[in-house]
Amino acid sequence: AWDEDLSILRKLVPLSAPLSMLIDPTNGCNFRCTFCPTGNPELLKSVGRPIGVMKFDLFTKIVDDMAHFPDPVKMVMLYKDGEPLMNKRLAEMVALLKQRGVARHVAITTNASLLDEKRAIALIESDLDSIRISVEHVHDEGYRKITQNYDNYGKILKNVRFLHAEVARRRARMQIHAKI
């Protein structure tokens, strides 16, 4: 596992490679959650922050640069402020990190609203190590209140159930975590 050789940090400094990296495939989100600045387009505009999807060429350059580290990065998290599944090339990004051997563990956090069967299969086949599902509520009305624009909790359940069943069927290594 990515964490099996964790040591006291002061014994590792200076590091040969970062312990972890956050790479945001997009800083946009399909939700407008009341608690999140990403969901407030007016706020983002007021601070001059454009919203967009990372171009695959830029991502490839980042991976090429990571290949110069003497050791792989222990964990790459393909999320930060946005909903990573809004980047249609997310599974390709995961696969590239894994194929190039520049990251020991690759993870995403998603709201799962866009995690349809096709995307779920692509993420499994990309060798994604872990996925964390952010559950915003446990019924449609609660979702509508928090996200301000989404009200289909049943779809979230369906998407996560499919992913879980497919991971089990394929005996994939992907860890699935849910948080609320």
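Treat the numbers as computed from the prediction; the structure is a model and nothing was measured. (Residues numbered from 1 in each chain as written. Predicted model: local features only at pLDDT ≥ 70, side-chain atom pairs only at ≥ 80, totals over all residues. Heavy atoms only, no water.)

**Focus on the layout of surface pockets**
- Counted as a void, the largest pocket has a volume near 350 Å³.
- Taken together, 19 residues line the largest pocket, and the ones lying closest to its centre are Cys36, Gly82, Thr109, Ser134 and Glu136.
- Breaking the lining of the largest pocket down by element, the ones donating at least two residues are strand 3 (103–110) and strand 4 (130–134).
- Class assignment of the residues belonging to the lining of the largest pocket gives a composition of seven nonpolar, six polar and six charged.
- Taken as a whole, the second largest pocket spans an internal volume of roughly 200 Å³.
- Forming the boundary of the second largest pocket are Leu85, Asn87, Lys88, Arg89, Leu90, Ala91, Glu92, Asp116, Lys118, Arg119, Ala122 and Leu123.
- At the level of elements, helix 4 (90–100) and helix 5 (117–125) are the ones that each hand at least two residues to the lining of the second largest pocket.
- Considering every element that reaches the lining of the second largest pocket, the biggest residue donor is helix 5, with four residues.
- Of the residues belonging to the lining of the second largest pocket, the class tally is five nonpolar, one polar and six charged. (1 Å grid on protein atoms, 1.4 Å probe; cavity = no way out; pocket = protein on both sides within 12 Å on 5 of 7 lines; lining within 4 Å. Points joined across faces, edges and corners; volume = space filled by probe spheres on them. Helix = DSSP H or I, 4+ residues; strand = E, 2+ residues; numbered from the N terminus. Nonpolar A, V, L, I, M, F, W, Y, C, P; charged D, E, K, R; others polar.)

**Examining the pairing of strand 3**
- For strand 3, the tally of buried residues reaches seven of eight residues, placing the bulk of the element in the interior.
- As judged from the four bridges shared by strand 2 (residues 73–77) and strand 3, these two strands associate in the parallel manner. Considered in strand 3, the bridge of Val73 is made with Ala103.
- With helix 4 bridging strand 2 and its parallel neighbour strand 3, the resulting β-α-β unit is right-handed.
- In the sheet, strand 3 pairs with strand 4 via four bridges, with the strands oriented parallel. Opposite Ala107, over in strand 4, you have Ser130 as the bridge partner. (Buried < 20%, exposed > 50% of the residue type's maximum accessible area, 1.4 Å probe, protein only. Pairing = 2+ DSSP bridges. Right-handed = clockwise from strand over helix to strand, strands pointing away.)

**So, the pattern of salt bridges**
- Going through the model one piece at a time under the given rule, you end up with twelve salt bridges.
- In this structure, Arg49 and Asp81 form a salt bridge, with 3.3 Å as the shortest nitrogen-oxygen distance. In this pair, Arg49 is assigned in the loop between helix 2 (41–46) and helix 3 (56–66) and Asp81 in the loop between strand 2 and helix 4, connecting sequence segments 32 residues apart.
- By relative accessible area, which is 25% here, Arg49 ends up partly exposed. (Salt bridge = Lys/Arg side-chain N within 4 Å of Asp/Glu carboxyl O.)

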